[in-house]
Amino acid sequence: MAAIEENFPRGGVQKKPTEGKTPNPKLERDNLFDIHHEEQSRKRKRSQSDQGKQKKFKADKIAAAKDSVVNIEPLTIEALCEGMLLLGCIKEVSDYELVISLPNGLSGFVPVTQISDAYSKMLSKQVAQGELLEDLNSLSDMYSPGTLVRCVVTSVEKSADGRRSIKLSIDPKKVNKGLNASALASGMLLSGFVSSVEDHGYLIDIGVSGTHAFLPRQKAQNYIKAVKRGPDLKIGQNLNCVIVEVKNEGRVVRLSVDRSEVAASLATERQNWTLSNLLPGLVVKARVQKVAPRGIKVSFLSSFTGIVDFMHMDPEKSMNYSPDQVVKACILSIHPTSKVVRLTLRQAFLKPGGSPNQLSNDRMGAVVEESTVKAFYKQFGAIFELDDGTLAFARLKHLSKTRKSLKPGAFKTGCKHKCRIIDYSLMDEMCIVSLKYQIIEARFLQYQDIHTGDVVQGKVFALKSIGMQVKVTDGIKGLVPSMHLADVILKQPEKKYNIGDEVRCRVLECSPAGKKLILTLKKSLVQSKLPVLSNYEDAKPGLITHGFVVCAREFGCIVKFYNDVKGLVPKNELSSEPISCPDKVFHEGQVVKVMVLKCEPQQERLLLSFRLSSKAALEDKKECTPKKKQEVKYQIGEMVDVKVLKKKDNGLEVSVLEDEGNVVAWIPTVHLSDFVANCKLLWHCLQEGDVLPRVMCLSDKGERIILSRKSAVISAVQEEQVVRSFSEIQPGMLLTGYVRNVMPFGVFVEFPFGVTGLAPKVSMSDKFVTDTKDHFVVGQTVIAKVMSIDEEKQRVLLNLKVSECSSGDSAAESFALLNQYFKEMKEIRNLLRRREDSSTDQGLCELVPGKELQLLVQDVEDGSALFSGGGGGGFALTVFFPPATRYHLGDKNIVPGEKTKVLVLHVDALTSKVYVSLRAELLKQRAKQRLTENSQHSAIVQHIAEEFAIVSLLETGQLAAIPIASHFNDTFRFDSEKLKVGQTISATLKVVKVNDHGVLLAVQGPARKNVFVRVRNESETALEEMPAAVTHSLSLGDTVTGTVKSIKPTHVTVAIDDKLTGSIHASRILDEVPIGSFPTSTLKAGQKVTARVIGGRDVNTHRYLPITHPHFTRSIPELSIRPSEIEGNVTATLNLKEDSALKKLGLYSVGQTVTCFVKKYNILKNWLEVEVAPDIRGRVPHLLLSLNTKVLKHPEKSFKNGQAVSATVTGTDVTETNLCLSLTGIQPMEQGTITVGMVTKVIPHIGLTIALPGGKTGKVSIFHLNDTYMENPLGDFKVGKIVRCYILSNENGKIQLSLRQSRLNPKSNSKVEDVEITCIKDVKKGQLVRGYVKSITPSGVFFGLSTSLLGRILFQNVSPYFVQKHSLYEKYLPEGKLLTAKVLGVNGKEKHIELSLLPEDTGMPNVFPESLGLPRYGAEEEKKEADDQEKREELKLKTKRRRGNSESEQEAKPKKRKICPADENDSGIEVYYREEEEDDDQEEEAAKKKSKIRKPGEAPRLQVSVGFTWDEDMNAVDIPVLNQKEESSESEEEDDPQSKMKKQTKKEKELEKQKKEKELCKLEAALMDPSRQPQSADDFDRLVLSSPNSSILWLQYMAFHLQATEIEKARAVAERALKTICFREEQEKLNVWVALLNLENMYGTEETLMKVFERAVQYNEPLKVFQHLCDIYANSEKYKQAEELYHTMLKRFRQEKSVWLKYASFLLKQGQTEATHRLLERALKALPTKEHVDVISRFAQLEFRFGDPEHAKALFESTLSSYPKRTDIWSIYMDIMIKHGSQKEVRGIFERVIHLSLAPKKMKFFFKRYLDYEKKFGTTESVLAVKRAALEYVETKSSLADT
């Protein structure tokens, strides 16, 4: 807002500004300039009005002006008002508006209709005629950016999103409104418009009525030449004109627009300017009056004062102005009401007709690394000096992310900041910058930053018929046309896209000039990796790219690309086969891949083809055809020997030897080895004619057979560790495959048999993945774990993290890799040795690491040396020795030409390089020591190759190789992790004899005893070894003999004859199975057995089938050799025909004991899988496996596959396909039982949540964890730990547990240091007790003694020291700190316990250390008791904190307690209940009670669902964070029993990690969940910001504070709500008032309640407030106050019927029937007569409900006798009597009604009711009687009518 102009010497008080609407934080259209200004604008407003009142005399005014400090603020949008005149500069010109830059970084716009009257008329004419007018020029023809214009504000509008936009007009009628003909004088500078073109000049509209202005042609020539916009001025063109001559008292004026005349014009006193007609843009001579810190105050035209703000001082002079100095200034703005004039001293504005300096294009959007703060203004922002010396400013909102996070300290003069130029203010000649991180980092700031083909992220903000609008950034919006919403045309796009959705689009077209951005969402275009075709010049023949079909006709297809580039695909190029109707094959919008055939850029003609096959490819095919006599098919996995035919860039063409070379196959280079390095080397070494043995057929699809030599893939196929089809894949499997493709979002992995999966970026590595290409290469061997499968889309998601995919023994795995590598290297050496032609290869084979050579030094440079093979080496000179680095030269000084002895470190056969070292420790001869396997040695890294490193052992100097990778997937290392030459590492020897490669083999790190074996679960392969299915003729009961073929843990395979195989289940071997034995081990392979057929098993599903099944012949016979079954009949169970699994499981009853056989322990699901019978499986949950915690810690070790165990049936699982079993019987969860459980949650300072057998959960308080309290009681407990627990109580499904040894082993007599305190009686005065700090409040320190007891320690009993700083308490008495206290007093009635921590009481050291130097309690205490109270509290808190260990910080909020006043003799403990013991039912009942007494017409009272009811029963104060169900299910599924061991294996660590991840996911999901309750003040703040008018949110926020008994905070929230909620939302505001009344009623005093009530009555409808308070009193049983209030209401609202009725119902509920009768009499006196009947009937109804029914009847009867025709009263009376009266009475009433003489329509209604009543309650006779009565009535009526 403008500062005040303080004195007008001509007299008169300055007008007060009327502007000053509450500023809104969000601004105009250009939201770059948002500023928040509330405080400042208010202050200014006040000061103005004050001055207006005080300054009565001129002398006073002048004195005041001298004394007051001038506070000159920049112009803000709040200060603008309609009619304000401004000087602006055109920033942008579009067809329909001009964007104008205004002073102080504001900007506005001029709609096309606000240019001038003449222009608007021509527009209307054109619209009316519907054709273009020749002499109508567009805005861009007439206006150019950079022109200064005078504008007037027509309105400041607020858009839906809260931004404000300034609408301006440059119409001279509005701008020059203050001028009249008589005021015109020569020399005045005015703005005008060409209104018509005449022969000798132009008529100019200067907006002054009654004046004709004429511009002679010769005065315009100079101007026309300069602007170069054609030979003539155009109608509507804006001109700055100088008045040359005024005639006829201003009726005719002559003008000039000559540039020199305009530039020289100066406003002078002679021109008689007044405040009412002063115009912006006038240049005046001004005198400096006062120089303020933020601007200057000047006087001009002798009597006017104005202000210059800091942005408009001349930057050359900056602040070097002195009072009384005369300067030239230009008027910027004049406020219409306050008449504040703002001026500028900047040079560009001092010559009218000039234009301000522009910003160079390349600076726009530039990031300035260091800009220096020149000045900081609290209300406005900061001024910076940029790197090029220019000034820039940033508004407050651009200085920090949020208003709260702004730190003014960071903007002291001279501070440096990084910023980005986001705009340029022409009127201030300053850049506008932003310091916001997201703006500095933004990829796009303006349309110019976006290029065609860019992929951008955006948010959907509107769906229109033409397409979807997407917001890319705040200032950039784009359109996705309907055709581009998806790869196919969407009929209902709103189903796919919602407003606010994030979308990833690609830019099809971007024209910054027109701010036009066209995007596409077609996935194929967005993800296309092909080049972007955006102009015809780039369309080179042969280019292949993606486009989209825009039209398909009989001549072909037109395909469009980016930037509207189009081309034609002629009919013959559509496909290799002829297409007759292209429009049927191709549809509009289809994405196609095309090849450019021909392009003529000048004519913009482009010829395309859909036939992409290049000629080269065709020739290649022809060449292959003769060889394709390939009828021979190879099975995948078949091993063949091949011979190399031809080497090509990416592989080898080979022929299969077995087929005499007829079959041609292909080995891709990447499939030559598991090691990338060896692939290249083998390809390099192999020559045509070489034979490769044992290669596996990988695929036989397509044109040729593809082979692989990857040993890991081959062994996986041979060991059947593969999946043959998608249906076999199961989550958790580990599969060996190879990388098929590496994409930015992840890696595609292919497995043998063609199954492919995707490992997304997050699952690729345990390290952070920046670029996927750094981690994997195409063709690389990997081991992948299946994470999840999507059956519908046939997609598999994989995990390649080493932590997930390794067996856990990294040493063994990495050694196996090294071994395999050297095995392959040996084959390559043998291959090279066989070469006869190449002496180089021969020589290389002889060189091995560790060999000593004599070499000739060729050159020494920069500390490295180059050698050549000198004689005697026995190898040719073609071998190249890389320069030995300075490290490997050791300390030797060598010169070129000398011979020296070196040691070979590594031979690289691919590049023929030999790496050598001259280090003395390597060349020194040492006695060979005997090395042992798995011994550990220190070693120095000497050389690093691709797959391994060469190290030398420190003790012996011998060379060893160590692998770099520990696993196939371990491919990426950060620089810090890479090995460096010269580094010392620890190595474990694995092979102690030097091998053919001259090195020992070792692995990094400490020894591991494990052998390298990949552990695979059965579920990983999903392939059980099953006999093949054969057609046979066996039937149920047949006896067969066969030979045992193989023995598996749970079944035995028997060969019945050559082809037929059967299976015997473990349960079908013995009649009596000893528990713990292995029945299948009683049979031996090869043994002959006689068995009986009892059923069959379907091969595909492994389901048991009875023999009678029609498809039994396709299955495997199920046999039994149980003696009882061979001799007797076949058991009935196996005879069931098509019985469902459900029926079979139904044969088992809960509690039955069964013998079952262990199949395996499922680590992922934490259950033991068992088989009861061939067709019945079961599961034993982890916690039901044993009561022994050792067994539960390692269940997989305790149960062997095939072992017989005895189990109890507890039910069936969810899918009803498995039995649920228990190995510990069925345990009752009763008090006193001891059971086992698993920790599922550790809640700091509160205790543990434990999962119990049978899916139950229990809680353990910190007081029940141990017999001795510890400083960190929960330290030993981690999620997943198995514990024994004692059940203390089990009420309402809430189980309380104890882990105290004294409970678990009562006989052990172990010492109980901290005895359980169950109730207040266990505490005696003088006793020493231990406990944990609960919280610190103003009334003292609360100290937990047990689950339900708290004690209070007053601050003077915390420490003998006097403490002022509250923070010391937090530091030395954190929540959860263990302390010893002495009981000072126990108040049994109020359950208060007073404690002391003073050293003289407890014998413990002081809570605060002496080193703090705190004063002891003494003299000060008496001085100011009141002050010290606070200080003492703090001090006490501190003291307490130092003793005992802190546990963790957060206070248990759900505990509820009232805090006692802090008087010294009051004791501070009370019993509070834990959150689990609270019931939600009470809360519901309270809500129900309230809703019942609602008055029919009243708006419903709000119910807040947050666990705090507004009634006084505070028994439901827990916020449900996670409901019980979720907690228990979480504990069942996710907790891993093993993760708690001290020594975790890698697998267990992985599982724990997985589980943590799951929990994190769950937590994230919970946070994302829209139904989630807010759980912190911040959460609520976010919510109330988004919905400020929702009273329910404010009430929940209050409730949240009340739970923590923070009454003051709740009050503050209510006050905030009342300020925030919009005044129109009366009901919402009333809800908050009612809540506040409730709050004061419950927690405040009568006085505070009355204060709130009085305020509420002022701000709301008084009646409603009175009624609500009455309800509150009644509900809280304050009947006396309610009575008094009702009496007040009856006086105040005696004409209100509702008040009398409400009081009546209140009295009746109290049982005061007599008082009610008296009240009725008073009511009838007070109320108007017309209301009487209604009031009596309502009183009668209330009497019926709550009072005396007889009296109620009497009331009705008397009313009806007076008003017999009131059918409404009759209806009510009937209804009530039907409900409460006897049948006789009801019939009596009906009889009376039907004999009344009422209108037929009403009579019909009563007859109908009577009939309905009799039908419901009466007999057939009574029904007939009613019908007869009705007939009689009709007859009498009709007879009357006749007469």
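Preceding this paragraph is the structure being described.
Residues numbered from 1 in each chain as written. Predicted model: local features only at pLDDT ≥ 70, side-chain atom pairs only at ≥ 80, totals over all residues. Heavy atoms only, no water.

Caption draft 1: Region of the structure containing the pairing of strand β34 (residues 691-699). In terms of strand pairing, strand β31 (residues 639-648) meets β34 through four bridges, oriented antiparallel. Each residue of the ladder has a partner; that of Lys643, found in β34, is Val691. Looking at chain direction, β34 and strand β35 (residues 705-708) are connected through three bridges and run antiparallel. Counterpart to Cys697 in the pairing with β35 is Leu707. (Pairing = 2+ DSSP bridges. Helix = DSSP H or I, 4+ residues; strand = E, 2+ residues; numbered from the N terminus.)

Caption draft 2: Just the pattern of salt bridges, in detail. Across all of its chains, the model carries 41 salt bridges by this definition. In this structure, the salt-bridge partner of Arg709 is Glu827, at a minimum N-O distance of 2.6 Å. Remark: Glu827 occurs in helix α16 (residues 810-833) and Arg709 occurs in the loop between β35 and α14 (711-718); sequence separation between them is 118 residues. You can call Glu827 partly exposed: its relative accessible area is 39%. Across the salt bridge formed by Arg1352 and Glu1394, the nearest N and O atoms sit 3.6 Å from each other. In this pair, Arg1352 sits in strand β69 (residues 1350-1353) while Glu1394 sits in strand β71 (residues 1392-1396), placing the two residues 42 residues apart along the sequence. Assessed through its relative accessible area of 0%, Arg1352 is described here as buried. Among the ionic contacts, a cluster of salt bridges with common partners joins Asp1267, Arg1300, Arg1303 and Glu1316. (Salt bridge = Lys/Arg side-chain N within 4 Å of Asp/Glu carboxyl O. Buried < 20%, exposed > 50% of the residue type's maximum accessible area, 1.4 Å probe, protein only.)

Caption draft 3: Molecular detail of the pairing of strand β27 (residues 556-560). When strand β26 (residues 544-553) meets β27, the two strands line up antiparallel, connected through five bridges. Bridging across to β27, Phe548 finds its partner in Lys560. Linking β26 to β27, which pair antiparallel, is a turn of two residues. Bridge analysis of β27 against strand β28 (residues 566-570) gives five bridges, and the strand direction is antiparallel. Looking at the pairing, Cys557 lines up with Val569 of β28. Counting the residues that bridge the hairpin from β27 to β28 gives five residues, and of these Asn563 lies at a positive phi of roughly 55°.

Caption draft 4: Seen up close, the environment of Leu1184. Of note, Leu1184 is situated in the loop between β59 (1176-1181) and α22 (1189-1193). Given the relative accessible area of 10%, Leu1184 is considered buried. Each residue touching Leu1184, except ones within four places of it in the same chain, is listed here: Leu1221, Ser1222, Leu1223, Thr1224, Pro1253 and Gly1254. (Contact = heavy atoms within 4.5 Å.)

Caption draft 5: Molecular detail of the packing of helix α43 (residues 1767-1780) against helix α44 (residues 1783-1794). Close contact between α43 and α44 brings their axes to 9 Å; oriented N to C, the two are set at 160°. By the angle between their directions, the pair α43 and α44 is classed as roughly antiparallel. Crossing handedness for the pair α43 and α44: left-handed. Touching Trp1770, Tyr1773, Met1774, Met1777 and Ile1778 of α43 are Glu1785, Val1786, Ile1789, Phe1790, Arg1792 and Val1793, all from α44. Of the residues that constitute the contact of α43 with α44, the class distribution is nine nonpolar, no polar and two charged. (Axes fitted to C-alpha atoms, helices over the stretch in contact; angles between N-to-C directions. Parallel < 35°, antiparallel > 145°, perpendicular 65-115°, else oblique. Left-handed = near helix turned anticlockwise from the far one by under 90°. Nonpolar A, V, L, I, M, F, W, Y, C, P; charged D, E, K, R; others polar.)

Caption draft 6: Just the sheet that holds β35, in detail. Taking strand neighbours around the barrel as the criterion, the five strands line up as β31-β32-β33-β35-β34 in a closed arrangement whose pairing is mixed. The average angle at which neighbouring strand axes cross in this sheet is 55°, direction not considered. In this structure, β31 lies alongside strand β32 (residues 651-656), joined through six bridges in antiparallel fashion. Each bridged residue has a counterpart across the sheet, and for Lys648 the counterpart in β32 is Gly651. With respect to the sheet, α14 is in contact with β31, β34 and β35, its orientation differing from that of β34 by roughly 60°.

Caption draft 7: Focus on a positive patch on the surface. On the surface, a cluster of positive charge is contributed by Lys496, Lys523, Lys793 and Arg795. Tracing the sequence through the fold places Lys523 in helix α10 (residues 523-526). (Patch = residues over 30% accessible without salt bridge, like charges linked within 9 Å, V, L, I, M, F, W, Y side chains within 5 Å. Areas by Shrake-Rupley, 256 points an atom, 1.4 Å probe, with all protein chains shown as cover. Lys, Arg positive; Asp, Glu negative; His and termini not counted. Charge placed at Lys NZ, Arg CZ, Asp CG, Glu CD.)

Caption draft 8: Region of the structure containing unusual backbone geometry. Positioned with a positive phi, Asn104 is a non-glycine residue whose angle comes to about 60°. Looking at the element boundaries, Asn104 is found in the loop between β2 (97-101) and β3 (107-111). Accessibility expressed as a relative area gives 1% for Asn104, which makes it buried. Although it is not a glycine, Glu429 adopts a positive phi angle of roughly 50°. Position of Glu429 relative to the elements: it lies in the loop between β19 (416-425) and β20 (430-434).

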